[in-house]
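Listed here are the chains, written in short residue letters.
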Amino acid sequence: MASAPPPPPLFSAAEVQRRCADGACWVRRGARLYDLTGFVRRHPGGEQLLRARAGRDVSADLDGPPHRHSDNARRWLEQYYVGELRGPTQDPQENGTVTSANAQGTNPNMDPRCKSVDFEKDLVDWQKPLLWQVGHLGEKYDEWVHQPVDRPLRLFHSDFLEACSKTSWYIVLAVWSPLVMYLSWFYFSALTRDNVRLFTSFTTEYAIPVSKYVFPFFFGIGILSWSAIEYALHRFVFHMKPPASSSYLIMFHFLIHGQHHKSPYDGSRLVFPPLPASLMIAMAYALLRLLCPEAIGGTIFTGGLLGYVVYDMMHYYLHYGSPAKGTYLYKMKAYHVKHHFEHQKSGFGISSKIWDVLFDTLIPETSEKEQ
């Protein structure tokens, strides 16, 4: 007969308050205690919001107004469970949903595989590279990949391939920002010095001369084009549902985006590594050179490259930044978190909701009371 699980650690209210005073961020849901110290700055509300609630009951926050969370968010919280609050947990002013640990038991809405974060009993072996393993999950893959965890993951056996699949956010700035500045100067100079004519690839009789003053126009077209391409990739490629019968398409999906949804706070996988990015960027440049005069195609390309850099930096910030409440970035952070935890088939915009509005994939806004 299997032995009974050990009782959970017990903490007094005074001990919880002491830990919070020392800089930790502990919250409780009923009698259950969670240490959010390492996660607090990644929450959409920011570090200040959670620290203001540290040590207090967050049952209302998790189960209803004023701040509604998805089932995935509740499952996510279980990763930070540290024990139970000793003694009664309900005073006369608290709502009736809060009970003692023995009376409450486990959350009936919790996925059984996520009641406790036991990675040894997961569908994969977290001690080994995941890419080959996920290909064998079949019909279980789609549900599994959309139940996020907070831990780094490894994709490849090869150290070289693994290194190529990860990068720090500042590498993107260091690699591509100088190129954006150089190409901006180079192609503006080309428009100034050369007799650039539009449509020369198709006709010489009706080709239109181009002035240097159209540089901002074509640069803006590049930025807008990247925004549209990013939305299309995110919606139709990154969020395709690979057929359960194809292990290779499952692995492909996990490689390009599924791993980000499984571990959305793995800081080394929030931006596109320069090596694979350079291949796609080179293809985009070659295509524009075929379709447009060099100066025009190069200007559009440079604007698109800037759009990509801004997108990658903003995506990183939406996961790791703590924008002030009420600001545009705060709203976009909350919007993106909803995409990860509740609305994976909508809310594809990162820097803007414009394409979600135009193509009816906007995540419904909650009321001010629920926010």
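Since we're looking at a predicted model, the values are computed, not measured. (Residues numbered from 1 in each chain as written. Predicted model: local features only at pLDDT ≥ 70, side-chain atom pairs only at ≥ 80, totals over all residues. Heavy atoms only, no water.)

1. Section: the overall build of the protein chain
Right, so step 1: From N to C terminus, the protein chain includes 15 helices and 6 strands.
Right, so step 2: A burial count over the protein chain gives 46% of its 371 residues as buried.
Right, so step 3: Within the protein chain, contacts between residues separated by at least 24 positions form 70% of all contacts whose residues are at least 6 apart in sequence.
Right, so step 4: When the accessible surface of the protein chain is summed, it comes to about 19700 Å², and 62% of that surface belongs to carbon and sulfur atoms. (Helix = DSSP H or I, 4+ residues; strand = E, 2+ residues; numbered from the N terminus. Buried < 20%, exposed > 50% of the residue type's maximum accessible area, 1.4 Å probe, protein only. Contact = heavy atoms within 4.5 Å. Areas by Shrake-Rupley, 256 points an atom, 1.4 Å probe, with all protein chains shown as cover.)

2. Looking at the pairing of strand S2 (residues 26–29)
Right, so step 1: Burial along S2 is two-sided: the face carrying Trp-26 and Arg-28 and the face carrying Val-27 and Arg-29 are both buried.
Right, so step 2: Sheet analysis places S2 next to strand S3 (residues 32–35), joined by 4 bridges and oriented antiparallel. Bridge assignment links Arg-28 to a residue of S3, and that residue is Leu-33. (Pairing = 2+ DSSP bridges.)

3. A short note on the sheet that holds S3
Right, so step 1: Pairing in this open sheet of 4 strands is mixed, and the strands run S1-S4-S3-S2 from one edge to the other. The open sheet has two edge strands, strand S1 (10–11) and S2, and neither has a second partner.
Right, so step 2: Two elements, S1 and strand S4 (residues 81–85), share 2 bridges in a ladder whose sense is parallel. Residue pairing in the sheet places Phe-11 in a bridge with Leu-85 of S4.

4. Topic: the UniProt feature "transmembrane region" (unreviewed entry) in the protein chain
Right, so step 1: Per the UniProt entry, the sites bearing "transmembrane region" (unreviewed entry) are residues 169–188, 213–233, 270–288 and 294–311 in this numbering.
Right, so step 2: With 100% helix and 0% strand, residues 169–188 has end C-alpha atoms that lie 28 Å from one another. (UniProt positions renumbered as here; feature names shortened; annotations may be inferred.)

5. Some thoughts on the side chain of Gln-259
Right, so step 1: Among the secondary structure elements, Gln-259 is positioned in helix H11 (residues 247–262).
Right, so step 2: Overall, the relative accessible area of 8% leaves Gln-259 in the buried class.
Right, so step 3: Non-local contacts of Gln-259, meaning those with residues more than four positions away in its chain, are made with Leu-153, Leu-155, Phe-254 and Arg-269.

6. Observations regarding the pattern of salt bridges
Right, so step 1: For the structure on display, the rule yields 4 salt bridges.
Right, so step 2: Of the charged contacts, one joins Arg-154 and Asp-159 as a salt bridge, the two residues approaching to 2.7 Å between their closest N and O atoms.
Right, so step 3: Its relative accessible area of 31% is what places Arg-154 among the partly exposed residues.
Right, so step 4: We note a salt bridge from Asp-266 to Arg-269, for which the minimum N-O separation is 3.5 Å. Of the two residues, Asp-266 and Arg-269, neither departs from the other in class, the shared state being buried. (Salt bridge = Lys/Arg side-chain N within 4 Å of Asp/Glu carboxyl O.)

7. Details of the packing of aromatic side chains
Right, so step 1: This structure, assessed with the given rule, holds 19 aromatic pairs.
Right, so step 2: Centre to centre, the rings of Tyr-316 and Tyr-320 are 5.2 Å apart; their planes meet at 10 degrees, and the pair counts as stacked. Taken together, the residues Tyr-316 and Tyr-320, both in helix H13 (residues 294–320) and 4 residues apart, mark about one turn of the helix.
Right, so step 3: Members of the aromatic cluster, joined through ring pairs, are Trp-169, Tyr-170, Tyr-265, Tyr-316 and Tyr-320.
Right, so step 4: The ring centre of Trp-144 lies 4.3 Å from the NZ or CZ of Lys-262, which sits over that ring. (Phe/Tyr/Trp six-rings, centres within 6.5 Å; stacked < 30°, edge-to-face > 60°. Lys NZ or Arg CZ within 6 Å of the ring centre and 35° of its normal.)

8. Considering the environment of Trp-144
Right, so step 1: Along the chain, Trp-144 turns up in helix H7 (residues 141–145).
Right, so step 2: Classification of Trp-144 as buried rests on a relative accessible area of 1%.
Right, so step 3: Each C-alpha atom of the pair Trp-144 and Gly-258 lies 9.9 Å from the other, and the pair is 114 residues apart in sequence.
Right, so step 4: Filtering out sequence-adjacent residues up to four positions away, Trp-144 remains in contact with Asp-122, Leu-123, Val-124, Trp-126, Val-134, Leu-137, Phe-254 and Lys-262.

9. Brief notes about the confidence of the model for the protein chain
Right, so step 1: Chain-level pLDDT for the protein chain is 77 on average; 70% of the residues reach the 70-or-more range.
Right, so step 2: Every residue in residues 89–117 scores below 50 in pLDDT, and together they form 48 contacts with partners more than four places removed in sequence or on other chains. (pLDDT = per-residue confidence, 0-100.)

10. Some thoughts on unusual backbone geometry
Right, so step 1: At Asp-360, a residue that is not glycine, the phi angle is positive and equals roughly 55 degrees.
Right, so step 2: Position of Asp-360 among the secondary structure elements: in the segment after helix H15 (354–358).

11. Describing the packing of H13 against helix H14 (residues 328–341)
Right, so step 1: One can describe the packing of H13 onto H14 by two numbers: an axis separation of 9 Å at closest approach and a directional angle of 80 degrees. The orientation of H13 with respect to H14, classified from their angle, is roughly perpendicular. Residue-level inspection shows Met-314, His-315, Tyr-317, Leu-318, His-319 and Tyr-320 of H13 in contact with H14, the latter providing Tyr-328, Leu-329, Met-332, Lys-333, His-336 and His-340.
Right, so step 2: Split into classes, the residues belonging to the contact of H13 with H14 amount to 7 nonpolar, 4 polar and 1 charged. (Axes fitted to C-alpha atoms, helices over the stretch in contact; angles between N-to-C directions. Parallel < 35°, antiparallel > 145°, perpendicular 65-115°, else oblique. Nonpolar A, V, L, I, M, F, W, Y, C, P; charged D, E, K, R; others polar.)

12. Some thoughts on the nonpolar core
Right, so step 1: Counting 37 residues, the largest nonpolar core has Val-172, Trp-176, Ile-281, Ile-296, Phe-301, Leu-305 and Tyr-308 as the members making the most contacts within it.
Right, so step 2: Residue assignment for this core shows that the elements contributing at least two residues are helix H9 (169–193), helix H10 (215–238), helix H12 (274–291), H13 and H14.
Right, so step 3: Looking at which element gives the most residues to this core, the answer is H13, with 13 residues.
Right, so step 4: Core analysis: the second largest hydrophobic core is formed by 16 residues, Val-124, Leu-153, Leu-155 and Phe-156 among them. (Core = buried A, V, L, I, M, F, W, Y, C linked by side-chain atoms within 4.5 Å.)

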